[in-house]
Amino acid sequence: MKLALRWQALLIGFLLGTSGAFAADNPIPSNHAVQLAQRPGHAGIASANALATEAGFEVLAKGGNAFDAAVAVASTLSIVEPESSGIGGGFMATMHIAASNRDVFVDAREMAPAAVDAKDYLNPDGTPNRDTSLKGPLSAGIPGEPAGLVWIAKHYGKLPLSASLAPAIRTARDGFKPDSRLLGSIQEEQKNLMRWPASAAKYLPDGKVPAAGDIWRDPDQAHTLELLAQYGDSGFYSGETAQKLVDAVNSAGGHWTLKDLASYRAKERTPIVVDYRGYKIITAPPPSSGGVAIAQILNILSGFDLSQMDKAHRVHLEIEAMRRAFRDHNDYLGDPDFVKMPLDMLLSPYYADGLRQSILPDKATPSSMLAPSSGQDPGMHTTHFSIIDADGNMVAITSTVNYVLGSTFVAQGTGVLLNDEMDDFALVPNKPNVYGLLGSKANAPEPGKRMLSSMSPSIVIGPDRTAVIGSPGGSTIITQVLEGILAFVDGGDAHQVAAHKRFHHQFMPDVVMVEPGVFDAATTDALTRMGYTFKDREPWGFMNVVIWDRRSNKLDAASDPRRADGLGKVQ
Ligand code: GLY
């Protein structure tokens, strides 16, 4: 019935004709009136931690390219920002290869072990058991980040993996001063970390949270990274590390096998490409829901001239487009290797036209008129970094261990903090996960399946300016990146795009989540009269953006001003 209604929207759109344009094969737009630079000649990196940004520049200085720098940044974040990402987690990378003018997507998302059993995530009364899905070894998927780093270095880098991993290994061995965000995360998760001896030993030396200014060393993770540097995939997914991971997980109640690890592969997938007002947006395909949702929202919005609207009407249309895209997210999306998804329909401009017709000019559509409801506040972990190198290679990587400090479970002897990504499956159909996202059978856990993500690393190629953009933020990743893209299309520089105030609607709960101060009083009044309700929330992501203006051939890098620890730098 639901599918029939969606096809009806497609048919309505087709009959009405289309003003939006989905153009997967569109060439990069060019502006012939102005002489445009073909390569920047210098590089820009923006990440959530200054040590990671500097690690990227260190590898560039050794002759590496953006892809080598990406390996250096991601692996250093595994040491210095473990609350957000690491080699015990996974990532998604959207990349542009300058020499071949090719767009590539690398899926290094975690996957369920073969012995996954949905009953492990249920209480006896059938309600979701948030402890097993968010803490300890049962909550962890088989990590994807090590395989993803090896893949990127091997296929796109110029330097040996050992050179790109060197800054992370050195930082882990020599030590660094954890920033206040990491110390706060340890404080927040202290009780959980104490449940696992290796976690307590790593994060609570002497039984307490380290003090500000203490030097922190991570020799076990340094050793694990050295094995990865020396042996590539087999340095992590077989041999010593794999055995330690399996032993640690199983002795604490998990069900991993050596085969689960040995069978893990990073995968290249065709990125989602959407044309919005002459800007080519290259973004994440399933198993992320982010790119599909962003494309759907942009396709709906492309039928309106937002620049001619007052703020309240512009926001109204953006919320209604978000609402409709998130409804489809909940119903259809999952791991493309397991689920057949109607992507042609979801990405079609005709479908967007049909959805656009269902938006009332001055009135909110209650989500309950579109489907059933539930939900809770989205959380805020994960990390994103953006890189453009001197040759115009570009990398957008969003990387995660899911919730703060992932599962809080460190595998004894490896230094590897495992993710808690199993919660991103729809463990109980139509019951929200920790981000308030609903899911259906398409995202049910199955052996070897990758759980749906919201990660939306994106590259936006405009007529004369290009942006590499992304953010953490659970389900709000999608709308943060969307709003960042719109701010860039409106002419924003890297700082303005990263600082842009944010709002979010995810279909259910049927409320607009807002960053304090995002709307002035008149806009809030107008939206309230249209039927919207609002909920303040904090925090709002950690966007890292690099922009290349090809007219002036200037790079511009910015890290989200909401956070003190990031660094956007050009050199
Ligand atoms: N774990 C958050 C996400 O992948 O969306």
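Residues numbered from 1 in each chain as written. Predicted model: local features only at pLDDT ≥ 70, side-chain atom pairs only at ≥ 80, totals over all residues. Heavy atoms only, no water.

Enquirer: How would you explain the site of the ligand if you had to name every residue and give the values?
Expert: Around the ligand, the surrounding shell holds nine residues, and the nearest of these are Asn402, Glu421, Asp424, Ser453 and Ser454. In the model, a nitrogen atom of the ligand is placed 2.7 Å from a nitrogen or oxygen of the asparagine 402 side chain. Here an oxygen atom of the ligand and a side-chain polar atom of serine 453 are 2.7 Å apart. Tallied by class, residues from the shell around the ligand come to two nonpolar, four polar and three charged. (Near = heavy atom within 4 Å. Polar contact = N/O pair within 3.5 Å; in protein donor to acceptor, adjacent residues only side chain to side chain. Nonpolar A, V, L, I, M, F, W, Y, C, P; charged D, E, K, R; others polar.)

Enquirer: Outline the pairing of strand E7 (residues 383-388), supporting the account with residue identities and numerical values.
Expert: Counting buried positions over the six residues of E7 gives six, a clear majority of the element. Both faces of E7 are covered, namely the face carrying Thr383, Phe385 and Ile387 and the face carrying His384, Ser386 and Ile388. As judged from the six bridges shared by E7 and strand E8 (residues 394-400), these two strands associate in the antiparallel manner. Bridge pairing in E8 links phenylalanine 385 to isoleucine 397. What sits between E7 and E8 in their antiparallel hairpin is a turn of five residues, with glycine 392 showing a positive phi close to 90°. (Buried < 20%, exposed > 50% of the residue type's maximum accessible area, 1.4 Å probe, protein only. Helix = DSSP H or I, 4+ residues; strand = E, 2+ residues; numbered from the N terminus. Pairing = 2+ DSSP bridges.)

Enquirer: Could you give an account of the sheet that holds strand E11 (residues 458-461), with specific residues and numbers?
Expert: In spatial order, the strands read E5-E6-E11-E12-E16-E17; together these six strands make up an open sheet with antiparallel pairing. Of all the strands in the sheet, the pair left with one neighbour each is strand E5 (272-276) and strand E17 (554-559). On average, each strand axis in the sheet is tilted by 15° relative to the strand beside it, whichever way the strands run. Relative to strand E6 (residues 279-283), E5 runs antiparallel, the two being bridged by five bridges. Pairing of tyrosine 276 across the sheet is with tyrosine 279, part of E6. (Axes fitted to C-alpha atoms, helices over the stretch in contact; angles between N-to-C directions.)

Enquirer: Can you break down the pattern of salt bridges residue by residue, with the values?
Expert: Tallying each qualifying case throughout the model produces 37 salt bridges. In this structure, glutamate 421 and arginine 109 form a salt bridge, with 3.3 Å as the shortest nitrogen-oxygen distance. In this pair, glutamate 421 is assigned in the loop between strand E10 (416-417) and E11 and arginine 109 in the loop between strand E3 (102-108) and helix H4 (130-134), connecting sequence segments 312 residues apart. With relative accessibility at 0%, the residue arginine 109 sits in the buried group. For aspartate 560, the salt bridge is made with arginine 562, and the minimal N-O distance between the two is 2.7 Å. (Salt bridge = Lys/Arg side-chain N within 4 Å of Asp/Glu carboxyl O.)

Enquirer: Can you tell me about the environment of glutamate 446, naming the residues and giving the values?
Expert: Here glutamate 446 lies in the loop between E10 and E11. Overall, glutamate 446 belongs to the partly exposed group, its relative accessible area being 32%. For glutamate 446 and methionine 111, which are 335 residues apart along the polypeptide, the C-alpha to C-alpha distance reads 9.1 Å. Not counting residues up to four positions away in its chain, the partners in contact with glutamate 446 are Ala112, Val116 and Phe338. (Contact = heavy atoms within 4.5 Å.)

Enquirer: With reference to specific residues and values, describe unusual backbone geometry.
Expert: The general pattern is negative phi for most residues beyond glycine and trans for most peptide bonds. Cis geometry is found at the peptide bond from proline 286 to proline 287, where omega equals 15°. Assignment of secondary structure puts proline 287 in the loop between E6 and helix H14 (290-301). The step from methionine 508 to proline 509 runs through a cis peptide bond, and the omega angle for that step is 0°. Within the secondary structure layout, proline 509 lies in the loop between strand E13 (503-504) and strand E14 (512-514). One non-glycine residue with positive phi stands out, namely phenylalanine 507, at about 75°. According to the relative accessible area criterion, phenylalanine 507 is buried, its value standing at 2%.

Enquirer: Summarise the side chain of arginine 323; cite the residues concerned and give the values.
Expert: As for its position among the elements, arginine 323 is in helix H15 (residues 311-332). On the basis of relative accessibility, which here comes to 0%, the residue arginine 323 falls in the buried class. For arginine 323, the side chain forms a polar contact with the side chain of serine 367, separated by 2.8 Å. Reaching out from arginine 323, the side chain makes a polar contact with the side chain of aspartate 510 at a distance of 2.7 Å. Each residue touching arginine 323, except ones within four places of it in the same chain, is listed here: Ala364, Thr365, Pro366, Ser367, Leu370, His505, Phe507, Asp510 and Tyr532.

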